[in-house]
Amino acid sequence: MEELYQLGIKEASELLSSGEISPEELLEAVLKRIDEVEDKVKAFVTVTKDEAYKRLEELKSADSTTPLYAIPLAIKDNICIKGVRTTCSSKILENFIPPYESTVTERLNNKGYVLVGKTNLDEFAMGSSTENSGFFTTRNPWNTDCVPGGSSGGSAAAVAAGECIGAIGSDTGGSIRQPAAFCGVVGMKPTYGRVSRYGLVAFASSLDQIGPITKSVYDAAVLLNVISGHDHRDSTSAPVEVPDYTETLKENIKGLRLGVPKEYFIEGLDREVEDSVKEALKVLQELGCVVKEISLPHTGYAVATYYILATSEASSNLARYDGVKYGFRAESKELLQMYQETRAQGFGAEVKRRIMLGTYALSAGYYDAYYRKAQQVRTLIKNDFDEAFKEVDIIVTPTTPTPAFRIGEKVSDPLQMYLNDIFTISVNLAGGPAISVPCGFSSEGLPIGVQFIGRHFDEETVLKVAYNYERATEWHKRRAEL
Amino acid sequence: MKYEAVIGLEIHAQLLTETKIFCGCSTRFGSEPNTQTCPVCIGMPGVLPVLNRRVVEFAIKTGLAMNCKISSYSRFARKNYFYPDLPKGYQISQYELPICENGYVDITVDGVKRRVGITRIHMEEDAGKNIHQKDGSLVDLNRAGVPLMEIVTEPDIRSPKEAAAFMRKLRTILRYLGVCDGNMEQGSLRCDANVSIRPEGTEEFGTKTEIKNINSFKFVERALEYEIKRQIKILNEGGKIIQETRLWNVDTGTTQSMRSKEEAHDYRYFPEPDLVPLEVSKEWIEEIRQSMPELPDEKRNRFIEEFGLPEYDADILTEERTIAEWFEECVRLGAKPKEVSNWMLTELLRRLNESGKEIHEIALTPQHLVDLLKLIDNGTISRNIGKNVFSEMFASGQSPEKIVQEKGLVQITDTSEIEKMVEDVIQANPKEVERYKNGETKLLGFFVGQVMKASKGKANPKVVNELIRKKLS
Ligand SMILES: [Zn+2]
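Residues numbered from 1 in each chain as written. Chains lettered and ligands numbered in written order. Predicted model: local features only at pLDDT ≥ 70, side-chain atom pairs only at ≥ 80, totals over all residues.

(A) Quick peek at the overall build of chain B. Secondary structure assignment for chain B yields 15 helices and 16 strands. The C-alpha radius of gyration computed for chain B amounts to 30 Å, which surpasses the reference 23 Å derived for 473 residues by more than 25%, pointing to a less compact arrangement than a globule. Dimensions of chain B along its principal axes, counting C-alpha atoms only, are 90 × 55 × 55 Å. Counting only residues that meet the buried cut, chain B has 39% of its 473 residues in that class. (Helix = DSSP H or I, 4+ residues; strand = E, 2+ residues; numbered from the N terminus. Rg over C-alpha atoms; globule rule 2.2 N^0.38 Å. Buried ≥ 20, exposed ≤ 12 C-beta atoms within 10 Å, placed from the backbone.)

(B) Focus on the overall build of chain A. The helix and strand tally for chain A stands at 16 helices and eleven strands. Compactness check: chain A gives a C-alpha radius of gyration of 21 Å against a globular reference of 23 Å for 482 residues, within 12% of the reference. The dimensions of chain A, computed from C-alpha atoms along their principal axes, are 65 × 55 × 45 Å. For chain A, buried positions account for 60% of its 482 residues. Sequence separation of 24 or more characterises 76% of the internal contacts of chain A that already satisfy a separation of 6 or more. (Contact = placed C-beta atoms within 7 Å.)

(C) Up close: the pairing of strand E6 (residues 209-214) of chain A. Residues and elements named next belong to chain A. Among the six residues that make up E6, six are buried, leaving the element largely enclosed by the rest of the structure. Summarising the sheet, strand E4 (residues 166-171) and E6 pair through five bridges and their orientation is antiparallel. By the bridge assignment for E6, aspartate 171 is matched with glutamine 209. Of the strand pairs in this sheet, strand E5 (residues 186-189) and E6 are connected by two bridges, and their pairing is antiparallel. By the bridge assignment, valine 186 is partnered in E6 with threonine 214. (Pairing = 2+ DSSP bridges.)

(D) How the structure looks around the interface of chain A and chain B. Contacts between the two partners involve 35 residues from chain A and, on the opposite side, 26 residues from chain B. Of all elements in the fold, only helix H10 (302-317), helix H11 (335-346) and helix H12 (349-362) of chain A reach the threshold of two or more residues within the side of chain A that touches chain B. A per-class count over the side of chain A that touches chain B returns 17 nonpolar, eleven polar and seven charged. (Nonpolar A, V, L, I, M, F, W, Y, C, P; charged D, E, K, R; others polar.)

(E) Representation of the packing of helix H2 (residues 160-177) of chain B against helix H3 (residues 217-236) of chain B. Residues and elements named next belong to chain B. Between H2 and H3, the shortest axis-to-axis distance is 8 Å and the interhelical angle comes to 155°. As the angle between them shows, H2 and H3 are arranged roughly antiparallel. The element H2 and its partner H3 pack so that their crossing is right-handed. For the pair formed by H2 and H3, the contact residues are Pro160, Lys161, Ala163, Ala164, Met167 and Arg168 on the first element and Phe217, Val220, Glu221, Leu224 and Glu225 on the second. (Axes fitted to C-alpha atoms, helices over the stretch in contact; angles between N-to-C directions. Parallel < 35°, antiparallel > 145°, perpendicular 65-115°, else oblique. Left-handed = near helix turned anticlockwise from the far one by under 90°.)

(F) Just the domain arrangement of chain B, in detail. Residue and element names in this part refer to chain B. Each assigned domain of chain B is listed with its residue range as follows: domain 1 (3-287), domain 2 (292-406) and domain 3 (415-472). The straight-line distance from the C-alpha centre of domain 2 to that of domain 3 is 34 Å. The interface of domain 2 with domain 3 comprises four residues on the first partner and four residues on the second. Partitioned by chemical class, the residues of the side of domain 2 that touches domain 3 number one nonpolar, three polar and no charged. (Domains from an automatic or database assignment.)

(G) Structural detail: the environment of A:Ala314. All names here are of chain A. Within the secondary structure, alanine 314 sits in helix H10. The exposure class assigned to alanine 314 is buried, which follows from the 25 C-beta atoms found within 10 Å. As a C-alpha pair, alanine 314 and valine 351 span 37 residues in sequence and 8.8 Å in three-dimensional space. Non-local contacts of alanine 314, meaning those with residues more than four positions away in its chain, are made with Phe203, Ala204, Arg354, Ile355 and Gly358.

(H) Local environment of the sheet that holds strand E7 (residues 257-261) of chain A. Residues and elements named next belong to chain A. Spatially, the eleven strands line up as an open sheet ordered E1-E3-E2-E4-E6-E5-E10-E11-E9-E7-E8, and their pairing is mixed. A strand with exactly one partner marks an edge of an open sheet, and here the two such strands are strand E1 (44-47) and strand E8 (290-294). Averaged over all pairs of adjacent strands, the angle between their axes in this sheet comes to 30°, without regard to strand direction. Contacting E1, strand E2 (72-76) and strand E3 (114-119), helix H3 (residues 49-59) crosses the sheet at an angle of about 160° to E3.

(I) Molecular detail of the pairing of strand E1 (residues 3-14) of chain B. Pairing between E1(B) and strand E11 (residues 189-199) of chain B: eleven bridges, direction antiparallel. Note on E11(B): the bridge partner recorded for B:His12 is B:Arg190.

(J) Just the sheet that holds strand E13 (residues 244-249) of chain B, in detail. Residues and elements named next belong to chain B. One open sheet accounts for nine strands, arranged E2-E6-E7-E10-E1-E11-E12-E13-E14; its pairing is mixed. Looking along the sheet, the strands with just one partner apiece sit at the ends: strand E2 (69-70) and strand E14 (254-260). Sheet analysis places E13 next to E14, joined by six bridges and oriented antiparallel. Considered in E14, the bridge of asparagine 249 is made with threonine 254. Contacting E1, E11, strand E12 (209-214), E13 and E14, H3 runs over the sheet at an angle of about 30° to E11.

(K) A look at the environment of A:Val30. Residues and elements named next belong to chain A. Mapped onto the fold, valine 30 is located in helix H2 (residues 23-41). For valine 30, a count of 27 C-beta atoms within 10 Å puts it in the buried group. Non-local contacts of valine 30, meaning those with residues more than four positions away in its chain, are made with Tyr5, Pro72, Val116, Glu163, Cys164 and Ile165.

(L) Looking closely at helix H1 (residues 9-17) of chain A. Residues and elements named next belong to chain A. The complete set of buried residues in H1 reads Ile9, Lys10, Ala12, Ser13 and Leu16. All buried residues of H1 lie within an arc of 165° about the axis, which places them on one face of the element. If you follow the buried residues of H1, they end up packed against H2, E4, E6 and helix H7 (217-227). Note on H1: the residue one or two positions beyond its end, glycine 19, has a positive phi of about 80°. (Arc of directions from axis to C-beta.)

(M) Expanded view of the packing of helix H7 (residues 321-332) of chain B against helix H8 (residues 337-355) of chain B. Residue and element names in this part refer to chain B. One can describe the packing of H7 onto H8 by two numbers: an axis separation of 9 Å at closest approach and a directional angle of 140°. Compared by their axis directions, H7 and H8 come out oblique. The handedness of the crossing between H7 and H8 is right-handed. Where H7 abuts H8, its residues Phe327, Cys330 and Val331 lie against Pro337, Val340, Ser341 and Met344. Classifying every residue of the contact of H7 with H8 gives six nonpolar, one polar and no charged.

What follows is the structure, encoded as structure tokens:
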């Protein structure tokens, strides 16, 4: 048998419910794994070992048939959990303990999960490598000289390293899918509005969405089942019914129409990535899908549009970290100086860069040229997808232009770093669901991901394609060696 | 040169909802600092606003009462600035697409009717309060997130007196609707004014100043008068008005410069991404329209037509909805409208003023007044005794019958009893009798007074009058 820490949610649940393993054995295996490899991976900002054991005690009197009963999960550290330090990997929130629970973790709680820790991210989810974390950089379990991707790099690395059975991340411009691709795991961004954002520390409110990072597509469906659905505490969460994704994904995909956007196969796309995705398309054709080329004509504007809108919202969302009410404060006699010092010392360079960009874009005299224009382009990008989905059911693209890059390689060039999200960003702007699934390895042994994008609130089809593809391939069975 | 003032007002009205605009916290006034707060209204990381439907209803009500167009699609926006009492670093307000636009309110000043345009009405959240102490400042966030409505007028107001009249009318409307208590002194109604002057007869606007901190009805007029004089003086001396924000200072009775246009904030407004656009259905607007009370103007006109009241009476009685309803209840119970109006305008309003009470807080009921009027009408007591009984009723809330009985105030109409008293008075005042008989007839009042005194006011004055005339002729 596989080591227990290598199990996914589905297998672990089956062994637990058949009584072959106990909740204690599973938790101990995961915590032991963290002890062994965490020094190398550095996925966690906080490991909640004591709380996890306490939680197991609590679960003894709980319903053991719930879908996440005794399943050890890791949660990205920008999601608030009552009584557990939530830092956003920022010095400014280093000691912040929320007095409230996010809707997502409340729903996970109700279904019996066990929290093993809060995972590292780029500060306030701003970045693609975790190198912008205010604390430390997480390592890619497949090659610890490489980044795990970001911003949910901690969650993806923890899943890939067996430091948890599954994890939750958040995706604003690719922050779930890109690290999932880099770490060889499954990562899904649901439709904007599918999952409540209540308790998710906002980076860019109109783009942020919480989603699962798991060892299999089926596991992603299990988590999505639990965390989806309307929440009265989040006005932007949609009152749309949630199907049982673990059932719908098993459906046949024969005759499904797949679109391949020509704008995504561009210069700068790594040859091995391109080959792997084309190989994946062949597999899908063999499964009965029809592949055709499509066009998303405004793709070239996506990164610019994203960096105006996301930074504008961020400049406002991060105004509350002013040293007055909670978090870090630089003591000072003068109010203005207190504000300046608190924010100068509390925020890292990338966060400051984005606050400045966003403040500029919203300023009087520039608003029309930047923010308003970007909103208009966002509509065009959304229209591109709407048009494409008249002809196809799923759009297939590489998740990232390259496999994981080396730590430090792109730190000094923010633009190069931003281009890493070029294939994922459009989906956030358009709002639909997308998943990244392992589809190969580079010659250096680094994982490669393929992205399936679906219509708004059509997570079913996205998961169905991903599941069928996964069953036809072996990529997801490989484990990183540490 | 003769100048004309051009005034536009920006009013903030605190709404009388039970809970805050974006969370479930209570809006109650005067609690311990930071006890009426939650993660949402203190701006903790990751929390989200949820719009209180009641606030929208109140704004729509106000818009309808002020003849506005109600937008079927409106948006919230963020107004960004740093201040310790603003927990999120932005205020959620409305900017490009407010809930109500293009309305008007009619006012009457010195008998002349004027129409003041309403540019827009929008919803927003209040900030908290900074409390400054010797060794530092504290922040109380109980008020953070309390719903406000901002009402902006067109620059249609031409004098401080009109501005004051507008504010009173606005207060009346808001109180009729029950959306705001209209208390300027306590800050639940706040008024900022944009003021400029121009040569009379010209159309072009002069440079305006914005006057803030006008915190009572009395000061609306005084602050504007001062500011207009200040501007006229500058122009007469060949100077230029600077566009700026000025603070009204109660102590000095002047306005003082606060910040110039160059120092004005850039609030970086943008659509609030945490709230979906607000869509208001025609059905909902209609439902709210149906639930609206009769408005002051309608009520006033009806009082004149239906009850034959003079305009003066109708104006005063309809200024407060509760007063008007009290009046109507008396009429419904069978009293003569003008009689009721007379008693209310004199006795009742004076006593309310003196006691500082609202009409719903007193023990006196419409039935009491109606019964009192009956006792006077059927001659049980005199009008003068009636005033004493009213005073007693106001204080104790007892019925007039009971007061009249307990204090033995029933009017004496028995002629023989009164005749005896008249004779006594005539005997006791021979000099005055002499003078009266010599033609000093105005002494009649003196004799009546003496008899009334002797009867402790209970003698029927009509009977007394007749008897004295008879005896002295
Ligand atoms: Zn609250």
